[in-house]
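# Chains, contacts and geometry: an overview
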Amino acid sequence: MRIPIVAALIFSVPFIASAEGKRRFVRDEYFMCTVVHLGLADGYTGMGDKAASDRHRKKAEVLYEAGKKDLVVVGKSPSEAKERVQKHIDRLTKVAETTPELLRGFIRVCNDHFPE
């Protein structure tokens, strides 16, 4: 009977510690999805669909601001946001050039993480 109780306590310690501690990593998906939505906005602009373009541009702005707030939560400067967005622009541009079919996966991830 003691072993299950001790095991439960041992396994719960990391969860209790993380609940009490401060998160130290940035949720970078805010910035990745900012770039995805900016790309979609540009694509819809090129197709002449202003409503869809505006919707994705607004979503990108919301995610960018949420990402800046998340930087502050983990003790970083919100000024890092532009650098993080540029990193994802570079990465997704490379993906688009080499394996464009992967972009659908990025769009799906963003839609799953941040539904409309």
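Residues numbered from 1 in each chain as written. Predicted model: local features only at pLDDT ≥ 70, side-chain atom pairs only at ≥ 80, totals over all residues. Heavy atoms only, no water.

A few words now on the side chain of His56. Within the fold, His56 resides in helix α3 (residues 50-73). Among all residues touching His56, those that are not within four sequence positions of it are His37, Leu40, Ala41 and Tyr44. (Helix = DSSP H or I, 4+ residues; strand = E, 2+ residues; numbered from the N terminus. Contact = heavy atoms within 4.5 Å.)

On to the confidence of the model for the chain. Of the residues in the chain, 81% reach a pLDDT of 70 or more, and the chain-wide mean stands at 84. Element-level pLDDT for the chain is lowest in helix α1 (residues 2-20), with a mean of 46, against a maximum mean of 96 in α3. Contacts of residues 6-19 to residues separated by more than four positions or lying in other chains number zero contacts, the stretch itself having pLDDT below 50. (pLDDT = per-residue confidence, 0-100.)

A separate point is the nonpolar core. Nonpolar side chains in soluble globular proteins tend to end up buried together. Within the largest apolar cluster, 16 residues are counted, with the highest numbers of intra-cluster contacts made by Phe31 and Cys33. Contributing elements (two or more residues each) for this core: α2 (29-47), α3 and α4 (81-98). Tallying contributions element by element places α2 first for this core, with six residues. Not counting residues within four places of it along the chain, the set of residues in contact with Cys33 comprises Leu63, Cys110 and Phe114. (Core = buried A, V, L, I, M, F, W, Y, C linked by side-chain atoms within 4.5 Å. Buried < 20%, exposed > 50% of the residue type's maximum accessible area, 1.4 Å probe, protein only.)

Time to look at the environment of Pro78. With respect to the helices and strands, Pro78 occurs in the loop between α3 and α4. Put simply, Pro78 and Glu65 are 13 residues apart on the chain and 9.1 Å apart in space, counted from C-alpha to C-alpha. What Pro78 contacts, discounting residues up to four positions off in sequence, is Lys68, Leu71 and Val72.

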